[in-house]
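Residue strings, one per chain:
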Amino acid sequence: MRRKEGNKEQDILNAAVEVFASEGYYPAKISEIAEKAKIATGSVYLYFKNKDEILIKIFEGLWKKIFEQVQTLSLRDDLNPIEKLDAFIDVVFDLFTASPALALVFVREQPLILNTKGLKLVQYYDDFLNLGEGLIQSGIDSGDFNKNLNVNIVKNFTFGGVRYLLHQWALKPKYFPLNQVRQDVKFIIKKGLLV
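I will try to describe carefully the structure that is included in this document. (Residues numbered from 1 in each chain as written. Predicted model: local features only at pLDDT ≥ 70, side-chain atom pairs only at ≥ 80, totals over all residues. Heavy atoms only, no water.)

1. Overview of the overall build of the chain
When helices and strands are tallied, the chain shows nine helices and zero strands. The secondary structure elements of the chain, listed N-terminal to C-terminal, are α-α-α-α-α-α-α-α-α. Viewed in the frame of its principal axes, the chain has a C-alpha envelope of about 60 × 35 × 30 Å. Of all 195 residues assigned to the chain, the portion counted as buried reaches 45%. Counting only contacts in the chain whose residues sit at least 6 apart along the sequence, the fraction spanning at least 24 positions is 71%. Roughly 10,600 Å² of accessible area belongs to the chain as shown, and the carbon and sulfur atoms make up 52% of that amount. (Helix = DSSP H or I, 4+ residues; strand = E, 2+ residues; numbered from the N terminus. Buried < 20%, exposed > 50% of the residue type's maximum accessible area, 1.4 Å probe, protein only. Contact = heavy atoms within 4.5 Å. Areas by Shrake-Rupley, 256 points an atom, 1.4 Å probe, with all protein chains shown as cover.)

Quick look at the structure:
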């Protein structure tokens, strides 16, 4: 696929996030994405074969960014497991704070995209969850978190809850202020994890 100079590829991805958030992935049309990106419809095909490839690229960028930030965080020796947990939660919330549309695409389309085997983004996602599991286990091992916890359940409960709350925030930001959601998630998780 030929790549052009400039930011058109990113403009297409940004436009697609907006269109997918407002229309939904399946009803969205390439022509709507092109119009939002202020380019000709045919120009989209210089960058992406189809709508599927656009969605995959959005999620690949999302999960790569999250994974890299969390991986860097997990390697820090100057933070204890409680501080790492706080920062881990912040990574996810910070990413969506600037873009309710991305949060909405994330919660609506993530299940569809994760069923596609062999994608690089699936590996980033799995690695992210494994780092979260490792963080919880290190907190248990250090005595900071309750030793009776099932790491797999905590990991899935936490991520599922955050995903659901992001969905609610993206749909009704007035009723689910993101900073309040963030603080409450931290409080619930930490008070549930601490000895």
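2. Topic: the pattern of salt bridges
The tally for this structure, following the rule as stated, stands at eight salt bridges. Measuring nitrogen to oxygen at the nearest pair gives 3.1 Å for the salt bridge that ties Lys190 to Asp86. Linking Lys190 in helix H9 (residues 178–193) with Asp86 in helix H5 (residues 81–97), this pair joins segments that are 104 residues apart in sequence. Of the charged contacts in the structure, one is a salt bridge between Lys155 and Glu133, with a shortest N-O distance of 3.0 Å. One end of the pair, Lys155, is in helix H8 (residues 151–171); the other, Glu133, is in helix H7 (residues 120–142), with 22 residues separating them in the sequence. Residue Lys155 is classed as buried on the basis of its relative accessible area of 13%. A single network of salt bridges, built from pairs that share partners, joins Asp90, Asp94, Arg182 and Lys186. (Salt bridge = Lys/Arg side-chain N within 4 Å of Asp/Glu carboxyl O.)

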